[in-house]
Amino acid sequence: MASLQPPLIKIVGGKAPTWRENGSVSDSGEDEIDWAEMDSDLCYWTRALRPVQWYPGHIAKTEKELKEQLKLMDVVIEVRDARILLSTTHPQMDLWLGNRKRILVLNREDMISTADRNAWAMYFSRQGTKVVFSNGQLGMGTMKLGRLTKSLAEGVNVKRRAKGLLPRPVRAGIVGYPNVGKSSLINRLLKRRMCTAAPRPGVTRELKWVRFGKDLELLDSPGILPMRISDQAAAIKLAICDDIGERSYDVADVAAILV
Ligand SMILES: Nc1nc2c(ncn2[C@@H]2O[C@H](COP(=O)(O)OP(=O)(O)OP(=O)(O)O)[C@@H](O)[C@H]2O)c(=O)[nH]1
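Small disclaimer: the values here were computed from a predicted structure and weren't measured.

A. Representation of the UniProt feature "domain: G" (unreviewed entry) in the chain in the model. The UniProt feature table records "domain: G" (unreviewed entry) at residues 172-226. A helix fraction of 16% and a strand fraction of 27% characterise residues 172-226, whose end C-alpha atoms lie 22 Å from each other.

B. Just the layout of surface pockets, in detail. Quantified by volume, the second largest pocket comes out at close to 610 Å³. The element best represented in the lining of the second largest pocket is helix α7 (residues 182-190), accounting for five residues. Of the residues belonging to the lining of the second largest pocket, the class tally is nine nonpolar, 14 polar and seven charged.

C. Highlighting the site of the ligand. In the neighbourhood of the ligand, 24 residues make up the surrounding shell, with Asp-110, Lys-182, Ser-184, Gly-202 and Thr-204 lying closest. Asn-135 places a side-chain nitrogen or oxygen 3.2 Å from an oxygen atom of the ligand. Between an oxygen atom of the ligand and a main-chain N or O atom of Thr-204, the distance comes to 2.7 Å. The protein chains hide 92% of the 660 Å² of surface that the ligand would expose on its own. Judged by the proximity of its atoms to the pocket grid, the ligand belongs to the second largest pocket. Of the residues assigned to the shell around the ligand, the class counts are nine nonpolar, 12 polar and three charged.

D. Structural context of the pattern of salt bridges. If you walk through the whole model with that rule in mind, you get 14 salt bridges. For Asp-81, the salt bridge identified is with Arg-108, shortest N-O distance 3.8 Å. Remark: Arg-108 occurs in the loop between β4 (101-107) and α4 (114-127) and Asp-81 occurs in strand β3 (residues 75-81); sequence separation between them is 27 residues. Residue class for Asp-81 comes out buried when judged on its relative accessible area of 0%. Its salt-bridge partner being Lys-150, residue Asp-215 comes within 3.4 Å of it at the nearest N-O pair.

E. Up close: the sheet that holds strand β7 (residues 208-212). Pairing in this open sheet of six strands is mixed, and the strands run β5-β4-β3-β6-β8-β7 from one edge to the other. Each edge of the open sheet is held by one strand with a lone partner, namely β5 (131-133) and β7. If you compare each strand with its neighbour and ignore which way they point, the axes differ by 25° on average. Bridge count between β7 and strand β8 (residues 216-220): five bridges; the pairing is antiparallel. In the strand pairing of β8, Phe-212 is matched with Leu-216. Its contacts with the sheet place α4 against β3, β4 and β5, and it is angled at close to 165° to β5.

F. Inspection of the packing of helix α1 (residues 35-46) against helix α8 (residues 232-240) at higher detail. At a minimum axis separation of 8 Å, α1 and α8 run at an interaxial angle of 90°. In terms of orientation, α1 lies roughly perpendicular with respect to α8. Every residue of α8 that contacts α1 at Asp-39, Leu-42, Cys-43 and Thr-46 is listed here: Gln-232, Ala-233, Ile-236 and Lys-237. Of the residues assigned to the contact of α1 with α8, the class counts are four nonpolar, two polar and two charged.

G. Up close: the confidence of the model for the chain. Averaged over the chain, the pLDDT score is 89; the fraction of residues at 70 or greater is 87%. Of all helices and strands in the chain, the one with the weakest mean pLDDT is strand β1 (residues 18-19) (43), whereas β3 scores best (98). Within the model, pLDDT remains below 50 along residues 11-25, and this stretch shows 27 contacts once partners closer than five positions in the same chain are excluded. Of the two predicted TM-score estimates for the complex, the pTM is 0.88 and the ipTM is 0.99.

H. Geometry of empty space enclosed by the protein. Enumeration over the complete set of coordinates arrives at one cavity of 30 Å³ or more. Here the largest cavity is characterised by a volume of approximately 60 Å³. Lining the largest cavity, in full, are Glu-63, Leu-66, Lys-67, Leu-70, Met-93, Trp-96, Leu-97 and Val-175. Listed by contribution, the elements that provide at least two residues to the lining of the largest cavity are α2 (57-69) and α3 (93-97). Of the residues contributing to the lining of the largest cavity, the split by class is six nonpolar, no polar and two charged.

About the thresholds
Residues numbered from 1 in each chain as written. Predicted model: local features only at pLDDT ≥ 70, side-chain atom pairs only at ≥ 80, totals over all residues. Heavy atoms only, no water. UniProt positions renumbered as here; feature names shortened; annotations may be inferred. Helix = DSSP H or I, 4+ residues; strand = E, 2+ residues; numbered from the N terminus. 1 Å grid on protein atoms, 1.4 Å probe; cavity = no way out; pocket = protein on both sides within 12 Å on 5 of 7 lines; lining within 4 Å. Points joined across faces, edges and corners; volume = space filled by probe spheres on them. Nonpolar A, V, L, I, M, F, W, Y, C, P; charged D, E, K, R; others polar. Near = heavy atom within 4 Å. Polar contact = N/O pair within 3.5 Å; in protein donor to acceptor, adjacent residues only side chain to side chain. Areas by Shrake-Rupley, 256 points an atom, 1.4 Å probe, with all protein chains shown as cover. Sits in = over half its atoms within 2 Å of the grid points. Salt bridge = Lys/Arg side-chain N within 4 Å of Asp/Glu carboxyl O. Buried < 20%, exposed > 50% of the residue type's maximum accessible area, 1.4 Å probe, protein only. Pairing = 2+ DSSP bridges. Axes fitted to C-alpha atoms, helices over the stretch in contact; angles between N-to-C directions. Contact = heavy atoms within 4.5 Å. Parallel < 35°, antiparallel > 145°, perpendicular 65-115°, else oblique. pLDDT = per-residue confidence, 0-100.

Rendered as structure tokens:
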């Protein structure tokens, strides 16, 4: 009977790790990780792999429907995975949103260090971007998100009153990549399980409006991705963080790159 051998995984390229005296490993001989270098290594390693692409039917449908629903939204809440926030924004998001009011939510704040959180907070405040850090599992940041959404859309009902119309609830659309925590955030804000949330990408399949109190309506939407992910280093990060369907990549290849 043939003995079961673990698969041989070989990574070609990148920098060979150097072992320190205390047994820990460093890829540069320094304590600081050089992220730019790590990204270029990622690009190098991914060149030999089958490109990671995931564009199932429900994402194509969502993209079409979201563009329609955008017209109804007073505020758009873009949720990103705080661990890889530059890799979890849709390249066409700016184009779709135009000058629509927008809040950036960096979810999974429990999965990044305080130093990284502070550095990103400073980065976005310098850009004048409104950012909320959140934890969709425990609910941190959700009350602030609710308040900020209402305050950003205050003008809607001021205008309606001026026209003699009755006020209406503020409409906020929650959009973002798969598995970043959109449905969990809504459930936490509502303190009810109104939207299906699960630890794998592609669980939400339909757009769904839910009501929060009498003055806020939220749209939960399925996670969307571009039809072609041109940045394959970013695609590998999505795979490592489980933000893309598992069928789109080879688990052993991704695990080898992660290691
Ligand atoms: N550790 C941690 N886990 C979270 C956080 N937010 C959500 N999760 C978990 O991440 C998983 C995915 O959350 P969902 O709310 O289903 O994500 P989604 O963006 O709606 O996913 P799609 O259906 O793919 O669009 C769930 O198992 C959540 O419990 C967070 O802030 N921290």
